[in-house]
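Descriptive structure summary
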Amino acid sequence: MMQCRESTAFFLSAAVGLALLLLLFAHAGWRERAGRKSLEEKREIVRALGLTDLCLFTEARYTRHPAMADRFTPFQDHPFSLEHFPSASLFRPPPHLSGP
Amino acid sequence: MNRAGRQRNILDFTLSSLLRRKGRNAALVLVYAFVVFLLSSVVFLGLSLKEEAQSVLADAPEIVVQRLAAGRHDMIPESYLAKVREIPGVRTAKARLWGYYYEPLTGANYTVMADENFPYGRKSVVLGNGVERHLPPMVGRTLPMRAYDGSYRFMQIRETLSSDSELVSSDLILMTVEDFRDLFRIPEGVGTDLVLSVANPREVSTVARKITEILPDTRPITRAEVLRTYDAIFDWRGGMIVACMSGALMAFIILAWDKATGLSAEERKEIGILKGLGWETSDVILMKFWEGVAVSLFSFLLGILLAYVHVYFGSTSLFEPALKGWSVLYPDFRLKPVITPYMVSVLFFLTVVPYTIATIVPSWRAATTDPDTVMRA
Amino acid sequence: MAMIVLSGIRKVFNAGKPNEFCALEGITATIEPNRTTVLKGPSGSGKTTLLSILGCMARPTSGRIFLGEREITSLPERFLTEIRRKTFGFIFQQFHLIQRLSALENVMIPAYPLGEPKEKIRDRAMELLSLFDVGRKASSKVEWLSGGEAQRVAIARALINDPATLIADEPTAHLDSGLSREFLEIARHLEERGKTVIIASHDPLVFDADRVAKVIPMRDGRIVSEGAS
């Protein structure tokens with residue numbers, strides 16, 4: 001008639017949760033190893049072409065290659081042009097370029 | 001007194017107490033888990049992009065030299081190469097030819113690069129995956145490209161770059177140096193910029209300083225600076241999303257604060273009854289401790305598991321609009337999972353610990369009331 | 001079984017403030033073991049305060065309490081709780097069962113902090129519920145119980161740690177005459193099993209019952225006159 005104690009259920013589910021969390025670590029490790037080949041490919045193409053940036057935001061020149069841009073790049077086309085891409089609001093030009 | 005037995009008995013009681021208000025507590029756990037989910041999604045995404053940039057761009061050129069004319073990038077004479085090569089420490093130096101190409105049919109902005117070792121002859125291109133995906137259906141295996149004079153060059157598509165490299169190559173169009181000069185009317189003897197490799201990483205800054213001395217109309221950009229940019233970008237990005245969801249966060253904090261700190265009259269009365277029945281103050285605190293742990297631990301675990309699935313299996317689908325921006329060619333990439341004990345413990349201490357404390361502290365007063373309060377009620 | 005002796009008990013609430021008032025004054029009495037003692041008096045006469053002092057829930061402002069040979073007024077909080085848990089079982093005026101928990105769980109509550117294995121507590125609680133004829137209701141939520149059933153659950157809860165003394169505050173206040181008699185029947189039964197029963201009541205049905213060994217009449221925080229009935 002005694003069903004499972006609440007605390008037993010608690011510890012069991014906490015243990016399952018922690019086990020799943022550890023599984024994430026295992027999964028991340030596994031993906032890291034599995035991804036080595038593609039990482040090598042990416043590195044190879046970066047080496048061969050001398051690339052400097054990830055291809056994340058292609059909407060404008062200065063969002064595609066932030067390392068190649070400076071603070072004023074967005075305004076080069078016209079001094080009053082508004083800088084209006086959403087991704088540009090998410091990142092800033094490289095710190096070394098915005099200095100004096 | 002059996003200490004472990006006491007802990008378990010009180011935990012049992014706490015849990016059956018919580019189960020009395022199944023709906024309410026389940027809703028609390030869900031909302032809480034959602035906040036943890038958002039927070040850890042941002043952290044996962046930020047860390048992964050950062051790691052990716054760090055490891056992929058580790059082989060980027062040590063220094064890029066740009067020529068400035070009236071404060072704007074300008075083509076750089078290849079004659080500068082010789083001067084740069086003379087600087088001690090510079091191992092190799094070469095000129096790059098690259099630029100942007102706007103494709104009006106798709107509305108996308110491509111990166112066109114001339115490849116010195118291009119394996120196919122003239123009138124051929126190799127495309128990045130994103131370009132390939134967005135080709136207008138009518139072009140077949142020929143890509144018409146509009147040249148500087150308004151005429152079209154018809155380029156044979158010979159190959160598509162592997163999808164594994166998409167994060168760096170999605171928008172690339174590669175061709176021969178000759179085709180590049182022809183397409184954009186770039187005269188012989190100039191390049192877009194120079195890339196240098198420096199043998200000793202410690203000499204990079206010295207080399208960069210010498211470049212500005214020898215070639216005053218140029219500016220060098222070092223790899224360390226590029227990587228630092230990426231650190232700054234992705235931290236900023238994470239911060240931006242945090243700012244966007246701070247509304248949700250505030251709402252939750254208010255909810256949790258109200259739930260955890262404001263003991264309802266009913267809870268206060270129940271604590272009074274427990275005291276009257278011979279529970280000590282420490283027993284009541286222990287009960288509240290377990291209550292906080294139960295709610296926040298499960299929310300934490302649920303939130304972090306869902307975030308991992310969201311970012312690494314679901315490709316961050318919830319944040320996609322914010323990430324894509326107005327980009328036409330958003331690369332289709334799977335991030336490399338990054339999960340570290342440090343970040344897990346930081347998230348743990350940001351979520352579980354404050355909630356548990358917020359549960360215990362307000363019950364302290366109720367727990368220290370005299371046991372005879374219940375008789376007088 | 002120990003005798004409880006009260007000597008010169010005085011209890012002042014809100015001492016030193018304008019609303020200071022003296023709930024008990026010069027209470028000296030003896031509570032015999034294995035007997036039923038009734039504190040009789042109108043509401044506000046200090047019965048409840050005296051019960052909580054007797055049951056180690058509150059400390060008197062002055063005066064001393066002896067539990068057998070032991071003077072317990074000066075014991076520190078922890079020991080007092082220890083004594084209270086093992087010696088006294090309480091039945092509150094409103095029963096104070098915890099809502100939305102089952103009858104069984106309510107009965108088990110006082111035993112939890114003692115750290116006994118849960119199975120043992122559970123068996124004992126079932127035994128007590130069966131003893132008071134509410135065994136079938138063990139898994140019912142307490143708000144579904146009738147007044148009489150709720151009271152029996154409250155009595156079972158008071159007895160879960162097997163205390164020597166049972167303290168009941170106005171136990172018949174919310175019961176009709178039939179159920180009140182039933183309660184007295186249970187009290188008699190417990191007395192036969194060797195328990196000391198202390199009841200505070202202003203219900204004639206209680207203090208006129210034949211089994212009551214001693215009635216302590218109270219008024220305005222003082223014992224009016226003492227006599228057995």
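Residues numbered from 1 in each chain as written. Chains lettered and ligands numbered in written order. Predicted model: local features only at pLDDT ≥ 70, side-chain atom pairs only at ≥ 80, totals over all residues.

Below, the discussion takes up the overall build of chain C. From N to C terminus, chain C includes seven helices and 10 strands. Over its C-alpha atoms chain C spans a radius of gyration of 17 Å, differing by no more than 12% from the 17 Å that the globule rule assigns to 229 residues. In terms of overall dimensions, chain C has C-alpha extents of about 50 × 40 × 35 Å along its principal axes. Looking at chain C residue by residue over its 229 residues, the buried ones come to 47%. Taking all contacts inside chain C whose residues are at least 6 apart in sequence as the whole, residues at least 24 apart take part in 72%. (Helix = DSSP H or I, 4+ residues; strand = E, 2+ residues; numbered from the N terminus. Rg over C-alpha atoms; globule rule 2.2 N^0.38 Å. Buried ≥ 20, exposed ≤ 12 C-beta atoms within 10 Å, placed from the backbone. Contact = placed C-beta atoms within 7 Å.)

Along chain A, the regular secondary structure elements total five helices and zero strands. Taken from N to C terminus, the helices and strands of chain A fall in the order α-α-α-α-α. Looking at the 100 residues of chain A, the share that counts as buried comes to 34%. Considering only residue pairs separated by 6 or more positions, chain A has 42% of its internal contacts joining residues 24 or more positions apart.

The next thing to look at is the packing of helix α1 (residues 3-20) of chain B against helix α11 (residues 281-313) of chain B. All names here are of chain B. At a closest axis distance of 9 Å, the pairing of α1 and α11 adopts a crossing angle of 60 degrees. By the criterion of interaxial angle, the relationship of α1 to α11 is oblique. As α1 packs across α11, the resulting crossing turns out to be right-handed. From α1, I10, L11, F13, T14, L15 and L18 reach across to α11, where they touch D283, L286, M287, W290, E291 and A294. A per-class count over the contact of α1 with α11 returns nine nonpolar, one polar and two charged. (Axes fitted to C-alpha atoms, helices over the stretch in contact; angles between N-to-C directions. Parallel < 35°, antiparallel > 145°, perpendicular 65-115°, else oblique. Left-handed = near helix turned anticlockwise from the far one by under 90°. Nonpolar A, V, L, I, M, F, W, Y, C, P; charged D, E, K, R; others polar.)

For the rest of this paragraph, the subject is the sheet that holds strand β3 (residues 36-40) of chain C. Residues and elements named next belong to chain C. Sheet architecture is open: six strands sit in the order β6-β7-β8-β3-β9-β10, paired in mixed fashion. The open sheet has two free edges, formed respectively by β6 (88-91) and β10 (222-223), since each of these has just one partner strand. Sheet topology places strand β9 (residues 214-219) next to β10; two bridges connect them, and they run antiparallel. Bridged to M218 within β10 is I223. Sheet contacts for helix α5 (residues 147-158): β6 and β7 (165-169); angle to β6, the most-contacted strand, approximately 165 degrees. (Pairing = 2+ DSSP bridges.)

Residues and elements named next belong to chain B. With respect to topology, six strands assemble into an open sheet ordered β5-β6-β10-β7-β9-β8, the strand pairing being mixed. Across the chains shown, the open sheet's two edge strands, defined by having one partner strand only, are β5 (98-103) and β8 (142-146). Strand-to-strand twist of the sheet, defined as the mean angle between neighbouring strand axes without regard to direction, takes the value 35 degrees. Strands β5, β6 (108-114), β8, β9 (152-160) and β10 (172-175) of the sheet are contacted by helix α6 (residues 177-184), whose axis makes an angle of about 130 degrees with β6.

Quick look at helix α1 (residues 6-34) of chain A now. Over its 29 residues, α1(A) runs 41 Å from end to end, which matches the ideal 42 Å to within 8%, given 1.5 Å per residue. Regarding α1(A), the residues found buried are A:E6, A:S7 and A:F10. Of the surrounding elements, those touching the buried residues of α1(A) are α1 and α11 of chain B. (Expected span 1.5 Å × (residues − 1).)

Facing the 57 residues of chain B at the interface are 48 residues of chain A. At the level of secondary structure, the elements contributing two or more residues to the side of chain B that touches chain A comprise α1, α2 (22-56), β6, α5 (166-169), α8 (223-244) and α11 of chain B. Of all the elements, α8(B) adds the most residues to the side of chain B that touches chain A, at nine residues. Grouping the constituent residues of the side of chain B that touches chain A by class yields 34 nonpolar, 11 polar and 12 charged.

This part is about the confidence of the model for chain C. Residues and elements named next belong to chain C. With 98% of its residues at a pLDDT of 70 or more, chain C has an overall mean of 89. Looking at the elements of chain C, mean pLDDT is at its lowest for helix α2 (residues 77-87), recorded as 86, and at its highest for helix α3 (residues 103-108), recorded as 95. For this predicted complex, the interface confidence score (ipTM) comes to 0.91, while the overall pTM stands at 0.84. (pLDDT = per-residue confidence, 0-100.)

This part is about the pairing of β5(B). Residues and elements named next belong to chain B. Looking at chain direction, β5 and β6 are connected through six bridges and run antiparallel. Each bridged residue has a counterpart across the sheet, and for Y101 the counterpart in β6 is Y110. Between the antiparallel neighbours β5 and β6 lie four residues, among them G107 with a positive phi of about 75 degrees.

What follows covers helix α1 (residues 47-54) of chain C. Residues and elements named next belong to chain C. With eight of eight residues buried, α1 lies mostly within the body of the structure. By the burial criterion, the buried members of α1 are K47, T48, T49, L50, L51, S52, I53 and L54. C56 sits one or two positions beyond α1 and adopts a positive phi of about 60 degrees.

Moving on: the environment of B:N2. Position of B:N2 among the secondary structure elements: in the segment before α1. Of the residues examined, B:N2 has 12 C-beta atoms within 10 Å and is grouped as exposed. Sequence separation of B:N2 and B:L305 is 303 residues, and the distance between their C-alpha atoms is 36 Å. Here B:N2 is in contact with C:G115 and C:E116, once residues within four sequence places are set aside.

Turning next to the nonpolar core. By size, the foremost hydrophobic cluster in this structure holds 176 residues, and its most contacted members are C:V107, C:L129, C:V153 and C:A156. Among the elements that line this core, the one with the most residues is α2(B), at 17 residues. Residues in contact with C:V153, not counting those within four places in the same chain, are C:L97, C:A103, C:N106, C:V107, C:V134, C:V142 and C:L145. (Core = buried A, V, L, I, M, F, W, Y, C linked by C-beta atoms within 7 Å.)

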